[in-house]
Amino acid sequence: MASHDDLPTPPPAAPLRPAGPVVGVSGHLRHAIAMRLVSLTSGPGAPRLNYDTPDGDPGLFGPDAACWHVHGDFTSMMIGGVSALLLQSLHPLAMAGVWDHSTFRQDVMGRLRRTATFIGGTTFGNTADAQALLERVRRIHLQVKGTAPDGRAYAAYDPALLTWVHVAETSSFLRSYLVYKDPTFSRADQDRYYSEVARIAIALGARDVPTSVAQIQDYLEAMRAQLSASDRTAEVVRVLRNLPAPFAGARVFSGLLFRAGIDLLPEWSQTMLGFEDRAAIRRLTVRPAVRHMAQIARWSMRNSVAHRARRRALATPAVGVTEPSLER
C-alpha cells in the first residue's frame, strides 16, 4: 500500500535518550510517556537511523522546510498515518500489492514502524541515511508486482501508483497538522509543503506529482472513479481497528487514533468506507480528546527525532565524509 512497505527488519533500535538528565517525578513521567509513544513508531520492525550526526548536515530539506513543521508533530502524524492507510486501501491495485507482498495483516506494528522510519528518515535524517532509504525502497519496488483480482497487472514501481500512494499519504499528514497542530499554517506554506515532499515521490519514480493544494484537490477528485471498497479494504479497516497494544493503555490510545483517522478522511471516502454514520458526533467527541492527548505528547517528547535533527543541522560542521548508518 505505502511505497515504503516491508523494509527489512533489523534488531531493535537504541532506546530513546532524554535531552538532559531525567530528574524528579516530572522528568521520569515525561520520559516514561515518551518511551511508550515512541514504541509505536520505532523498535522491532524499524531500521536504525542516526539523527544526531554529522554536525551541520541539514538532510534533504533542512530545519526551515515546511515538511519539518508538518512531520515534526508526533500526534498529528500518527493520526494522518491512519487516515492515509484507510484512504490508500480504496485503490484496488495498491491493495493487491499489500495483499500479495506485505506482512501488514500479520505484523501491522512492524509495518507502521517501517513507514514512520521512512518518513522520519527522509525528512529529518542525515543526507546519507535519507538517500540510503530511498535506494532501499527503489530496490524493494522492483520485486513487488503481480496481478490484481480484476486481472490487471500491478507493480510497486508504476509511476501512477506511486503518485497515488504519495498523495494519499501527504494530504492526510497535512490535514491532520492543520486540525491538530497549526490551523493558521498559511496556504503558501501548504503549497511549499507539497512542493517539498514531491521530491521524495519523484525520487522513487512517481510522475506528474501534484505540488500545491489546488493540484492535490484536483488530483483526488479525478481519482475517485478509480477507487472502490472491497473485502480487502474491509480487512485493512479490521486490522487498524484492532491494533496490538504494546503498552498498558495503548488500546484506548489506538482506538482514539483510529476514530480520528476516520474523521480526517474526505467525506466521499468516509462514505465509500461505510463511516458516514455519526460523522458529526465523531468530530465533536474525537477532536477535543485528541487535542488533550496531543498536549501530553508534546510535553513528554522533548528529544524527538525532529529535535535531534535540528541540533545536528545547526551544529558546526565537522570535516569528513558521512557513510549511511542505515542497517542493511
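Quick caveat: nothing in here was measured; it's all calculated off a predicted structure. (Residues numbered from 1 in each chain as written. Predicted model: local features only at pLDDT ≥ 70, side-chain atom pairs only at ≥ 80, totals over all residues. Heavy atoms only, no water.)

Helix and strand counts for the protein chain come out as 14 helices and two strands. When the 328 residues of the protein chain are sorted by exposure, 54% land in the buried category. The contacts of the protein chain with a sequence gap of at least 6 include a subset with a gap of at least 24, amounting to 81%. A total accessible area of about 14,600 Å² is found for the protein chain, and carbon and sulfur atoms account for 56% of it. (Helix = DSSP H or I, 4+ residues; strand = E, 2+ residues; numbered from the N terminus. Buried < 20%, exposed > 50% of the residue type's maximum accessible area, 1.4 Å probe, protein only. Contact = heavy atoms within 4.5 Å. Areas by Shrake-Rupley, 256 points an atom, 1.4 Å probe, with all protein chains shown as cover.)

Summarising the element assignment, Thr-211 is placed in the loop between α8 (187-204) and α9 (213-223). Judged by its relative accessible area of 31%, Thr-211 is partly exposed. Along the sequence, Thr-211 and Arg-199 sit twelve residues apart, while their C-alpha atoms lie 9.5 Å from each other. If we ignore the near neighbours within four places in the chain, the residues touching Thr-211 are Asp-191, Tyr-194, Ser-195 and Ala-198.

Relative to the elements of secondary structure, His-91 occurs in the loop between α3 (74-88) and α4 (92-101). For His-91, a relative accessible area of 5% gives the class buried. Beyond its immediate chain neighbours, meaning those up to four positions away, His-91 contacts Leu-161, Trp-164, Met-223, Gln-226 and Leu-227.

Now for the confidence of the model for the protein chain. Per-residue pLDDT for the protein chain averages 85, and the proportion of residues at 70 or more is 81%. Note on residues 5-16: pLDDT under 50 across the span, and 39 contacts to partners over four residues away in sequence or across chains. (pLDDT = per-residue confidence, 0-100.)

Before going further, it helps to spend a moment on the packing of helix α7 (residues 159-180) against α8. Two numbers describe a pair of packed helices, the interaxial angle and the distance between the axes. Across the interface, α7 lies against α8 with an axial gap of 10 Å and an inter-helix angle of 150°. Between α7 and α8, the interaxial angle falls into the category roughly antiparallel. Crossing angle aside, the handedness with which α7 passes α8 is right-handed. Touching Leu-162, His-166, Thr-170, Ser-171, Phe-173, Leu-174 and Leu-178 of α7 are Gln-190, Tyr-193, Tyr-194, Val-197, Ala-198, Ala-201 and Leu-204, all from α8. Here the residues of the contact of α7 with α8 are counted per class, giving ten nonpolar, four polar and no charged. (Axes fitted to C-alpha atoms, helices over the stretch in contact; angles between N-to-C directions. Parallel < 35°, antiparallel > 145°, perpendicular 65-115°, else oblique. Left-handed = near helix turned anticlockwise from the far one by under 90°. Nonpolar A, V, L, I, M, F, W, Y, C, P; charged D, E, K, R; others polar.)

A general feature of soluble globular proteins is that nonpolar side chains tend to end up buried together. Counting residues in hydrophobic clusters, the biggest one holds 66 residues, and the most contacted among them are Leu-86, Trp-164 and Tyr-193. The leading source of residues in this core is α7, at eight residues. Setting aside residues up to four positions removed in sequence, Trp-164 forms contacts with Leu-87, Gln-88, His-91, Ala-94, Tyr-219, Leu-220, Met-223 and Leu-227. If you look at the next biggest cluster of nonpolar residues, it comprises 14 residues, including Val-179, Tyr-180, Phe-253 and Leu-264. (Core = buried A, V, L, I, M, F, W, Y, C linked by side-chain atoms within 4.5 Å.)

Here the focus is the packing of helix α5 (residues 108-124) against helix α6 (residues 127-141). Axis separation between α5 and α6 bottoms out at 8 Å; the angle between their running directions is 135°. Looking at the two axes, α5 sits oblique to α6. When the axes of α5 and α6 are compared, the crossing they make is left-handed. Counting all contacts with α5, which are made through Thr-117, Phe-118, Gly-121 and Thr-122, the residues of α6 involved are Ala-130, Leu-133, Leu-134 and Val-137. Class assignment of the residues belonging to the contact of α5 with α6 gives a composition of five nonpolar, three polar and no charged.

This part is about the pattern of salt bridges. Where side chains of opposite charge bring their charged atoms close, a pairing between them can arise. A full pass over the atoms with the stated rule returns eleven salt bridges. Across the salt bridge formed by Arg-224 and Glu-221, the nearest N and O atoms sit 3.4 Å from each other. Taking relative accessible area as the criterion, Arg-224 reaches 34% and is therefore assigned partly exposed. Among the salt bridges present, the one from Asp-263 reaches Arg-283, with a minimum N-O distance of 3.1 Å. Taken together, the positions of Asp-263 in helix α11 (residues 250-264) and Arg-283 in helix α13 (residues 279-300) put the pair 20 residues apart, joining distant regions of the chain. Since its relative accessible area comes to 2%, Asp-263 is described here as buried. Overlapping salt bridges, with partners in common, bring together Glu-135, Arg-138 and Arg-139 in one network. (Salt bridge = Lys/Arg side-chain N within 4 Å of Asp/Glu carboxyl O.)

What follows covers unusual backbone geometry. Here the residue pair Thr-53 and Pro-54 is connected by a cis peptide bond, since its omega of 0° sits within 30 degrees of zero. With respect to the element layout, Pro-54 can be found in the loop between α1 (24-38) and α2 (66-71). Even without glycine at this site, Arg-278 takes up a positive phi of about 60°. Within the element layout of this structure, Arg-278 appears in the loop between α12 (267-272) and α13.

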